[in-house]
Each structure stands twice: as structure tokens, then as C-alpha cells.
Amino acid sequence: MNLKSIKDRYLPRLSPIKFNLLVLFGFVCWAIIFHSFLPKININRNMSSSSDQSSVLSKPRSVVKRVIPNAQNEGDGAIVRRSIGSMQLNRLDPFLLLDEFAVSPPAGFPDHPHRGFETVTYMFEGAFTHQDFAGNKGTIRPGDVQWMTAGRGIVHSEMPAGDGVSKGLQLWINLSSEDKMIEPRYQDLLKEDIKRAETDGVEVRIIAGESMGVKSPVFTRTPAMYLDFTLKPGSEWHQSIPESWNAFVYMIEGEGVFGSSDASPAEAHNLLVLGSGDGLKVWNKSSQPLRNEPIAQYGPFVMNTKAEIQKTFEDYHYHKNGFEKASQWRSEPVSR
């Protein structure tokens, strides 16, 4: 493989390793995301986390089903990983669909209708612009959330704003029969307006519901908790959940342990359906040394700095510093 073909095949990825999870609980929705090695945020020292900790969990929930969604096309050229609403998991009442999306212009989700449920869009990267037939228009960016109640009906579009890839999650939540024909409404939460809390290496953004004694102002027609957690390496978190609610976990990046400390780790893009119980135990068992290494990656080359990546391309091109035999070697055809 020559230098040009490597550049054509691989896009540059110069990002640190981080540990991201999203957990959504339902009859209501609860979300948790775990990041590793992010800067600490301010601690609200007036909060008590005792009501959320394991001391009150008499029956921790275990993982009863694991769904590994495949990437598929959706909308107009968009790529999604659909875990709920798929062949593996049709529904998890009241959750109808969960997509992890990645969209680059000109792809997107052009004009389409909704009725009878709510959509929750949580942006990780890039930006999405929303327009509807009632004249509403807005853009959400990384860390922002749009909570849309379709109600009696809406026709709208969701398209990436600007260049690059826009990434995030979209969850569909069912509405009860008495709410299906209500007027549509929007609740937009900017990143800086989402309440935060921290204790013992665990950070949380309270999008909906309550955690660590902090409540979100978001109103949910279907009772909901949507929490975004960050767990530092070696930390754990025990969160109470009403026993009558369905619950699931969705991993964004990295790996985490759920339910019991000896359970097999869940990896990126895994959705975990939780069994009955009054709460969930989560562990970030990642170790410090390797994950603290700076990462610079371009296709098949992984070093510590951009300069080392450039040096690697030169070494490969001029067949030196480890690539001396590359100029003469070619693999042989495999007999069948």
C-alpha cells in the first residue's frame, strides 16, 4: 500500500481516548454518560448523594439483554446505529427508538412528519438545525438538548449545520393516549444551562429528573430521568431507579461494568437492557497508565504527537526506521 492510498483510505483521527456511556431508564428515561480524564467541574458542596448511593439499593439491577447495533443508512444519506426499534429489540416500553447518528452534509433528515410521541436529541459533536411547518427554527450544538413533543402532528427537518460530522443520540418516547393529540411544543436546553453536580470522581449533568439532590427543570409528559454521568478511572456509582420503571444502558465509547463488579464489560455502541430492581451499580475499571498516553492517529499509524505522525509518513515513504523491507516485499496470492 503506497502513501497516497493510505491517505485516501483513512481520515485523520487525532482525539484522546475517553470512556463514554449513555444510560437511559424508562417507564421514564434516565441517561448516564461516563467520560474518563476530563477536567473536574466545580463541586456543589451543599449536595448530599447518600440517597443515590448503594447503601439504599436492596436489589441492584442486572443486565438481562445486550444489543449490538450495526451501522445503517437512514434519512437522506445519514448513518445511524439503531438499538431500540431494531430487529434485536423492537421496543422497550415506553421507548420506541434509539439512534446514535453520524451525519455529514449534504446528508441529513429532510422534511418528515411525526405524531403521538416525543423526540429527545442530544448533540455530541457538530450542530443540527431544526425547522418545522409552524415556523419554528433553531440550532443545537455539542452538549445541547432538544426535547420535542410532536403531539397532534409536526412536519420538520433536521439537517447538519456547517461542515464536518454531526454526532449525537436521538431517543423516541411514547405519549399516553390522552397526550397524543396535544399541541406540539419544544424544550431547548443549552449546554451551559444544564444543571451539574459532582462527588467522589463522579460528575453528572441532569437533563431530566434528579440525581445527587439536584433536579432538572425540564417537564416530561412521560415521567423521565435523563442523566449524563462522567466516571473517572477507578470510580463507581450506584443510582437508585424506581422499581416499576424499565431501564437500559447505552455505551458511547470505551467500556464499563454494570450490575455486578464481576460482570463482563460493555463496549462502545452496546445497549444493555436491565432487569428488575431498585437501582444500578456502575464501575469504571479502566487503569490510568495506558489511557493517560496522548494519542495521535492517522489511519494505520498511532503515535503520541502530530510531529511523530508526520515522521512516520516520511519513514514509510523513504523505507527507513522500521520500514526498510517495505520497498521490496509484496504478499503472495493465497491459494484456495
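Residues numbered from 1 in each chain as written. Predicted model: local features only at pLDDT ≥ 70, side-chain atom pairs only at ≥ 80, totals over all residues. Heavy atoms only, no water.

A.B. asks: An account of the overall build of the chain is requested, with residue identities and associated values reported.
C.D. replies: Scanning the chain from N- to C-terminus turns up three helices and 27 strands. By residue count, 47% of the 336 residues in the chain fall in the buried class. Here the analysis covers contacts within the chain between residues at least 6 apart in sequence; of these, 69% occur between residues at least 24 apart. Surface exposure of the chain reaches about 17200 Å², of which carbon and sulfur atoms provide 50%. (Helix = DSSP H or I, 4+ residues; strand = E, 2+ residues; numbered from the N terminus. Buried < 20%, exposed > 50% of the residue type's maximum accessible area, 1.4 Å probe, protein only. Contact = heavy atoms within 4.5 Å. Areas by Shrake-Rupley, 256 points an atom, 1.4 Å probe, with all protein chains shown as cover.)

A.B. asks: Provide a residue-level description of the sheet that holds strand S15 (residues 195-199), including the pertinent values.
C.D. replies: Taken together, the three strands give an open sheet; going across it, the order is S15-S16-S19, and neighbouring strands pair in antiparallel fashion. Unpaired on one side and paired on the other, S15 and strand S19 (226-231) mark the two borders of the sheet. Averaged over all neighbouring strand pairs, the angle between strand axes comes to 20 degrees, with direction disregarded. As paired strands, strand S16 (residues 202-208) and S19 are joined by six bridges and run antiparallel to one another. Note on S19: the bridge partner recorded for Ala 208 is Tyr 226. (Pairing = 2+ DSSP bridges. Axes fitted to C-alpha atoms, helices over the stretch in contact; angles between N-to-C directions.)

A.B. asks: Give me the lowdown on the side chain of Asp 179, citing residues and values where you can.
C.D. replies: Locating Asp 179 in the fold gives a position in the loop between strand S13 (166-174) and strand S14 (185-189). Given the relative accessible area of 12%, Asp 179 is considered buried. The contact partners of Asp 179, leaving out residues within four places of it in the chain, are Gly 151 and Arg 221.

A.B. asks: Outline the sheet that holds strand S22 (residues 255-258), supporting the account with residue identities and numerical values.
C.D. replies: Read from one edge to the other, the open sheet built from four strands follows the order S20-S25-S22-S23, with strand pairing classed as antiparallel. Taken across any chain shown, the strands that pair with only one partner, and hence form the sheet edges, are strand S20 (236-240) and strand S23 (266-267). In this structure, S20 lies alongside strand S25 (residues 279-283), joined through five bridges in antiparallel fashion. Each residue of the ladder has a partner; that of His 238, found in S25, is Lys 281.

A.B. asks: Please set out the packing of aromatic side chains residue by residue, giving values where relevant.
C.D. replies: Applying the stated criterion to the full structure yields eight aromatic pairs. Look at Tyr 122 and Tyr 226: their rings are 6.0 Å apart centre to centre, the planes differ by 90 degrees, and that puts the pair in the edge-to-face class. With a gap of 104 residues between them, Tyr 122 in strand S8 (residues 117-125) and Tyr 226 in strand S19 connect regions that are remote in the sequence. Each member of the pair, Tyr 122 as well as Tyr 226, carries the same accessibility label: buried. Each member of the aromatic cluster is reached from another via a ring pair, and the members are Tyr 122, Phe 124, Trp 147 and Tyr 226. (Phe/Tyr/Trp six-rings, centres within 6.5 Å; stacked < 30°, edge-to-face > 60°.)

A.B. asks: An account of the environment of Ala 78 is needed here, citing residue identities and associated values.
C.D. replies: Tracing the backbone through its elements, the reader meets Ala 78 in strand S5 (residues 78-84). Taking relative accessible area as the criterion, Ala 78 reaches 0% and is therefore assigned buried. Distance in space between the C-alpha atoms of Ala 78 and Met 159 is 9.8 Å, their sequence separation being 81 residues. With residues near it in sequence (within four places) discarded, Ala 78 still touches Gln 72, Asn 73, Ala 102, Val 103, Ala 107, Gly 108 and Phe 109.

A.B. asks: Describe the pattern of salt bridges, listing the residues and the values that go with them.
C.D. replies: Once the charged atoms of two side chains with opposite charge are near each other, the side chains can pair. Summed over the entire model, instances satisfying the criterion amount to seven salt bridges. Here Lys 232 and Glu 203 are joined by a salt bridge, their closest N and O atoms 3.3 Å apart. Of this pair, Lys 232 sits in the loop between S19 and S20 while Glu 203 is found in strand S16, placing the two residues 29 residues apart along the sequence. On the accessibility criterion, Lys 232 (14% relative accessible area) is buried. Owing to a relative accessible area of 5%, Glu 203 belongs among the buried residues under this scheme. A salt bridge links Asp 228 to Arg 205, with the nearest nitrogen and oxygen atoms 3.7 Å apart. Of this pair, Asp 228 sits in strand S19 while Arg 205 sits in strand S16; the two residues are 23 residues apart in sequence, bridging distant segments of the chain. Taken together, the shared-partner salt bridges connect Glu 74, Arg 82 and Asp 99 into one network. (Salt bridge = Lys/Arg side-chain N within 4 Å of Asp/Glu carboxyl O.)

A.B. asks: Just give me the short version of helix H3 (residues 306-318), but keep the residues and values in it.
C.D. replies: Along its 13 residues, H3 runs 19 Å from first to last C-alpha, staying within 8% of the 18 Å computed at 1.5 Å per residue. Of the residues one or two after H3, His 319 is the one with positive phi, at around 55 degrees. (Expected span 1.5 Å × (residues − 1).)

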